[in-house]
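Observations on chain architecture
Given next are the chains, with one letter for each unit.
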Amino acid sequence: HPYSPQKILARNNIGIVCYPTNGGSGVRATELGIGLAKKAHQVHFITYRRPARLGHFHENVFYHEVTNEDYPLFEYPPYDTALASKLVDVIRYEKIEILHVHYAIPHAAVAYMAKKILLQEGRYIPVVTTLHGTDITLVGKDSSFEPVITFAINESDAVTAVSEDLKKETYKHFHIKKEINVVPNFICLKDFKEPDMDLKKSFAPNGEKIVIHVSNFRKVKRVQDVVKVFSKIKDEVSSVLLLVGDGPERHHIEEMCRQSKDCDRIKFIGKMKETEKIQAIADLFLLTSEFESFGLAALESMASKVPVISTNKGGLPEVM
Ligand code: GMT
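Our subject in this report is the structure included herewith.

Regarding the overall build of the protein
Along the backbone of the protein there are 13 helices and twelve strands. Here the C-alpha atoms of the protein give a radius of gyration of 21 Å, agreeing with the 20 Å that 2.2 N^0.38 yields for 320 residues. Overall size of the protein, expressed as C-alpha extent along the three principal axes, is 65 × 40 × 40 Å. Counting every position in the protein, which comprises 320 residues, the buried fraction comes to 48%. Long-range contacts, defined as pairs at least 24 residues apart, comprise 67% of the intrachain contacts of the protein with a sequence gap of at least 6. For the protein, the accessible area works out to roughly 16,200 Å², and carbon and sulfur atoms hold 54% of it. Taken as two groups, the 42 positive and 41 negative side-chain charges of the protein have centres that lie 3 Å from each other.

Below is the structure:
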């Protein structure tokens, strides 16, 4: 088949599938695509919404939206089928030479389907699957997904994981015959500027210290522990807590804060497209996840010279 290292090193047409959200896997996939486009590769993002980090126009970057037709019969619109069809279409007409899928569910299995369809036409499309975290540690290993995930990982041409810990977890929970390569997440240091002192002052007018947490407010993040830890910090050091992001647990955390005596010291900032600016004004970043395969937000904070205190779960010790 036409896959050879020489070919991959040349200027290629690359397809990237990811979740378009602000979550680490989407951010990492988008930054990687933008980086490859700067090296003159033609990069095609294929997903259901323009990736959050793809804000404006970038040379050599293209976006293909997957639209999911609604029909009264569909309680769950068949995204996997729509994505597989779109992949086949884009790979055919944009002459994609390699497909990189981020987050195994459902992307690795969908990529396999597209690959098989194209193989019937004599076109071999190598697939790289990057495992990010809960696709393995939470959702993936659940028996309702496990057989498909195992199969799709084994059928990928190359597999990467974002930390040694995630690699270990993958081998532990799935019957994987493939080599998994660890490619840690990265950030681009030049995106991290000095803190905006006016912004800092607006949150801490009396020189309070700023404690920050950034996440998608899922259960696994244990944001309630951030609030409990903050309550002890502020007894020792005059400080405020900024909670950045949104998600299923936000409502409970808001209730918890409203009932606490620290309410006026805790600010919910909500979801933001780019969090670097607000992360930079903090004095401490807290990450209390039950497990975390990597923790991109921790790396971003350290890039802004903000110290991080985290649990020692999953890939967090590696990141630290
Ligand atoms: O797995 C998730 O819940 C979301 C996912 C994401 O899209 O951000 O997070 C995972 O991938 C990130 C990027 O590689 C990692 O930084 C996160 O640590 C990881 N989340 C968990 O392991 C809980």
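From this point, things continue past the structure.
So, the nonpolar core
Grouped together as the largest cluster of nonpolar side chains are 21 residues, with contacts concentrated most on L131, I136, I149, I153, L166, I180 and F294. Elements with a contribution of two residues or more to this core: α4 (104-119), α6 (146-155), β6 (158-161) and α12 (296-303). Sequence-distant contacts of I136, that is, excluding residues within four places in its chain, are made with L131, K141, I149, I153, L166, E169, T170 and F174.

Describing the pairing of β6
Regular strands place their side chains on alternate faces of the sheet. Here strand β5 (residues 127-131) runs beside β6; their pairing, made up of four bridges, is parallel. When the bridges of β6 are listed, T130 appears paired with T160. Bridge count between β6 and strand β7 (residues 180-182): three bridges; the pairing is parallel. Directly across from T160, in β7, lies its bridge partner N181. Where the polypeptide runs from β6 across helix α7 (residues 164-173) and back to β7, its parallel neighbour, the crossover connection is right-handed.

Focus on the pattern of salt bridges
Tallied over the entire structure, the rule returns 19 salt bridges. Taking the shortest distance from any N to any O, the salt bridge between D165 and K168 comes out at 3.6 Å. Taken as a pair, D165 and K168 lie in helix α7 at a separation of three residues, close to a single helical turn. Judged by its relative accessible area of 16%, D165 is buried. Salt-bridge contacts for E169 lead to K172; the nearest nitrogen and oxygen are separated by 3.7 Å. In this pair, E169 and K172 are both assigned in helix α7, three residues apart and thus about one turn of the helix distant. If you follow the salt bridges from partner to partner, you end up with E31, R53, E276 and E300 in one network.

Overview of the site of the ligand
Around the ligand there are 16 residues in total, and G24, S25, T134, R218 and E292 lie nearest to it. Calculation on the ligand without its partners gives an accessible area of 480 Å², and the protein chains cover 94% of this total. Taken together, the residues of the shell around the ligand break down into five nonpolar, nine polar and two charged.

A short note on the packing of helix α3 (residues 79-93) against α4
Put simply, α3 and α4 touch, their axes get as near as 9 Å, and they point 50 degrees apart. Between α3 and α4, the crossing angle belongs to the class labelled oblique. The handedness of the crossing between α3 and α4 is right-handed. Residues D80, L83, A84, L87, V88, I91 and R92 of α3 form the contact with α4, whose participating residues are P106, H107, V110, A111, M113, A114, I117 and L118. The class makeup of the residues in the contact of α3 with α4 is twelve nonpolar, one polar and two charged.

Regarding a nonpolar patch on the surface
A cluster of nonpolar residues, Y71, L73 and F74, forms a patch on the protein surface that exposes about 340 Å² of accessible area. Judged by relative accessible area, L73 falls into the exposed class, the value being 66%.

Focus on the sheet that holds β5
Pairing within the open sheet is parallel, and its seven strands lie in the order β3-β2-β1-β4-β5-β6-β7. This sheet does not close on itself; its edge strands, each paired only once, are β3 (61-65) and β7. Neighbouring strand axes in the sheet, compared pairwise and without regard to direction, differ in orientation by 25 degrees on average. In the sheet, strand β2 (residues 42-47) pairs with β3 via five bridges, with the strands oriented parallel. By the bridge assignment for β3, V43 is matched with V61. Relative to β2, α3 is tilted by about 160 degrees, and along the sheet it contacts β1 (13-17), β2, β3 and β4 (98-102). With respect to the sheet, α7 is in contact with β5, β6 and β7, its orientation differing from that of β7 by roughly 165 degrees.

The rules behind the values
Residues numbered from 1 in each chain as written. Predicted model: local features only at pLDDT ≥ 70, side-chain atom pairs only at ≥ 80, totals over all residues. Heavy atoms only, no water. Helix = DSSP H or I, 4+ residues; strand = E, 2+ residues; numbered from the N terminus. Rg over C-alpha atoms; globule rule 2.2 N^0.38 Å. Buried < 20%, exposed > 50% of the residue type's maximum accessible area, 1.4 Å probe, protein only. Contact = heavy atoms within 4.5 Å. Areas by Shrake-Rupley, 256 points an atom, 1.4 Å probe, with all protein chains shown as cover. Lys, Arg positive; Asp, Glu negative; His and termini not counted. Charge placed at Lys NZ, Arg CZ, Asp CG, Glu CD. Core = buried A, V, L, I, M, F, W, Y, C linked by side-chain atoms within 4.5 Å. Pairing = 2+ DSSP bridges. Right-handed = clockwise from strand over helix to strand, strands pointing away. Salt bridge = Lys/Arg side-chain N within 4 Å of Asp/Glu carboxyl O. Near = heavy atom within 4 Å. Nonpolar A, V, L, I, M, F, W, Y, C, P; charged D, E, K, R; others polar. Axes fitted to C-alpha atoms, helices over the stretch in contact; angles between N-to-C directions. Parallel < 35°, antiparallel > 145°, perpendicular 65-115°, else oblique. Left-handed = near helix turned anticlockwise from the far one by under 90°. Patch = residues over 30% accessible without salt bridge, like charges linked within 9 Å, V, L, I, M, F, W, Y side chains within 5 Å.

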